[in-house]
Amino acid sequence: MIVIHSEEHRLQAGRSELNDGQLVPCYEKPARADIVRARIEAVGIGPIVNPTRHGIAPLERVHDAGYLDFLRTAWDEWVKEHGADIDALPLNWVAPGMSRRRVPRSIDGRLGFYSFDAGTPITAGTWRAATAAADNALTGADRLRAGDRSAFALCRPPGHHAGHAFYGGYCFLNNAAIAAQSLRDGGAARVAVLDVDYHHGNGTQEIFWERGDVLFVSIHADPADEFPYFCGHADETGAGAGDGANLNLTLPWGTDWSGYAQALAAAAARIRDFGADALVLSLGADTYGGDPISRFRLLSEDFLRMGSAIAGIGLPTLFVLEGGYAVDDLGVNVANVLTGFEQG
Ligand SMILES: NCCCNCCCCCS
Ligand SMILES: [Zn+2]
């Protein structure tokens, strides 16, 4: 299995995020990719290659052009107003009774207009890191289009919380959605995206909400209790041409493999029924019992079983790294999914 990785991930190194009422060091940090890469090399998952640069066009197939312009220029605008010593974080958002009809001129207003949390700092290197992560995913999609059975895009920053025109949850560009669209553009008639991150992939859901050609399935902690809170419920099944092409499988805090495996089996059955030509797997490993911000109880060996179950779906599969914040064990947990998949 080829692994696509860019050193430019290091350019996304936020100072702090707002979490539980305090500014704390960012959980989504460069060490995450380093430890995954080290384990991939130690286990010999496959050759590690740099991404091919794909430019802005594939991003515009998924994201709003104005949003992309904002992301590309936000840091420079921030520095003009606030200086370069502090990361860009929003301070207010649209509430009921307010409107998103007009994009504010103010950088503070634009940060709030285009985001949904204060945990996702924009820094000097965010745009370069995020576009490199998207190129990782696009290069992985190219490999599937060329006939490879699988590939792993070692993406950082992650993407599944980023929507058509919004960022948050440590995500700016939706790497998995960009790859799924690339597979569609490359001739796959139907693509499935399966998100096994602990948190609902609200961005991916929003992007494909009215699309019947891309099935989105997400297994995640019940949003009544867990971030992102405001979507991801089981009664959200898509709209218009996408009606029925969205499946949310919610699980309670404390879920262990026995509970998780049942949801994964249901996800696999839905994907088989859909008749997809390819699978994009949003691989977050924050379902791990040792994860500092999550509350499932998977063990490292369960990720081997997860990989094997994904292989059982029987589709060409592009793995795209999402979350996972127990950094010391992230390499083992991610590599276990890939090993389990390879062993089938
Ligand atoms: N106290 C809950 C804080 C949640 N902070 C954002 C988590 C984003 C996960 C991305 S996979
Ligand atoms: Zn997550």
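It should be emphasised that the depicted structure is a prediction, and the values quoted were computed from it without experimental measurement. (Residues numbered from 1 in each chain as written. Chains lettered and ligands numbered in written order. Predicted model: local features only at pLDDT ≥ 70, side-chain atom pairs only at ≥ 80, totals over all residues. Heavy atoms only, no water.)

Draft legend 1. Examining the nonpolar core more closely. Among the nonpolar cores identified, the biggest contains 49 residues, and Phe70 and Ile122 are the most heavily contacted of them. Broken down by element, this core gets its largest block of residues, eight residues, from helix H5 (residues 126-145). (Core = buried A, V, L, I, M, F, W, Y, C linked by side-chain atoms within 4.5 Å. Buried < 20%, exposed > 50% of the residue type's maximum accessible area, 1.4 Å probe, protein only. Helix = DSSP H or I, 4+ residues; strand = E, 2+ residues; numbered from the N terminus.)

Draft legend 2. Fine view of helix H1 (residues 31-43). Between its first and last C-alpha atoms H1 spans 18 Å; for 13 residues at 1.5 Å apiece the expected length is 18 Å, and the two agree. All of the buried residues along H1 are Arg32, Ala33, Val36 and Ile40. Considered in projection along H1, the buried side chains sweep an arc of 90 degrees and stay on one side of the axis. Buried residues along H1 sit in contact with strand S1 (2-4), strand S4 (48-49), strand S5 (150-153), strand S10 (317-321) and helix H10 (327-343). Where H1 terminates, the next one or two residues include Gly44, which has phi positive at roughly 75 degrees. (Expected span 1.5 Å × (residues − 1). Arc of directions from axis to C-beta. Contact = heavy atoms within 4.5 Å.)

Draft legend 3. The arrangement of the pattern of salt bridges in detail. This structure, assessed with the given rule, holds 16 salt bridges. Arg10 is paired through a salt bridge with Glu7; the nearest N and O atoms lie 2.8 Å apart. Given a relative accessible area of 35%, Arg10 falls into the partly exposed group. Close ionic contact of Asp213 with Arg184 constitutes a salt bridge, the shortest N to O distance being 2.6 Å. With Asp213 in the loop between helix H7 (202-208) and strand S7 (214-221) and Arg184 in helix H6 (residues 175-185), this pair connects stretches of sequence that are 29 residues apart. Given a relative accessible area of 24%, Arg184 falls into the partly exposed group. What you see here is one network of salt bridges that share partners, running through Glu8, Arg53, Arg128 and Asp135. (Salt bridge = Lys/Arg side-chain N within 4 Å of Asp/Glu carboxyl O.)

Draft legend 4. Summary view of the sheet that holds strand S6 (residues 191-195). Ordered in space as S4-S1-S5-S10-S9-S6-S7-S8, the eight strands form an open sheet in which the pairing is parallel. Lying at the two open borders of the sheet, with one neighbouring strand each, are S4 and strand S8 (246-251). Here H5 sits on the sheet in contact with S1, S5, strand S9 (278-283) and S10, set at roughly 175 degrees to S5. (Pairing = 2+ DSSP bridges. Axes fitted to C-alpha atoms, helices over the stretch in contact; angles between N-to-C directions.)

Draft legend 5. Molecular detail of the UniProt feature "domain: Histone deacetylase" (unreviewed entry) in the protein. Under the present numbering, the feature "domain: Histone deacetylase" (unreviewed entry) in UniProt falls on residues 28-339. The distance from the first to the last C-alpha atom of residues 28-339 is 24 Å, and the span holds 39% helix and 12% strand. (UniProt positions renumbered as here; feature names shortened; annotations may be inferred.)

Draft legend 6. Structural context of the coordination of the zinc ion (ligand 2). For the zinc ion (ligand 2), every protein donor is listed as Asp197 (OD), His199 (ND1) and Asp286 (OD), and the spread of their distances is 2.0 to 2.1 Å. Geometry at the zinc ion (ligand 2) is tetrahedral, judged from the four donor atoms that bind it and their angles of 98 to 117 degrees at the metal. One chain supplies every donor for the zinc ion (ligand 2), spaced along it as D-x1-H-x86-D. For Asp197, a relative accessible area of 0% gives the class buried. (Donors = N, O, S within 2.8 Å, 3.2 Å for Na, K, Ca; no water. Tetrahedral: all angles 85-135°; square planar, octahedral: opposite > 155°, others 65-115°.)

Draft legend 7. How the structure looks around unusual backbone geometry. Note that the residue after Arg156, namely Pro157, is joined by a cis bond; omega there is 0 degrees. Along the chain, Pro157 turns up in the loop between S5 and H6. With omega at 10 degrees, the peptide bond leading from Phe227 into Pro228 counts as cis. Within the secondary structure, Pro228 sits in the loop between S7 and S8. One non-glycine residue, Asp20, lies in the positive phi region at around 55 degrees. Note on placement: Asp20 falls in the loop between strand S2 (16-19) and strand S3 (22-25).

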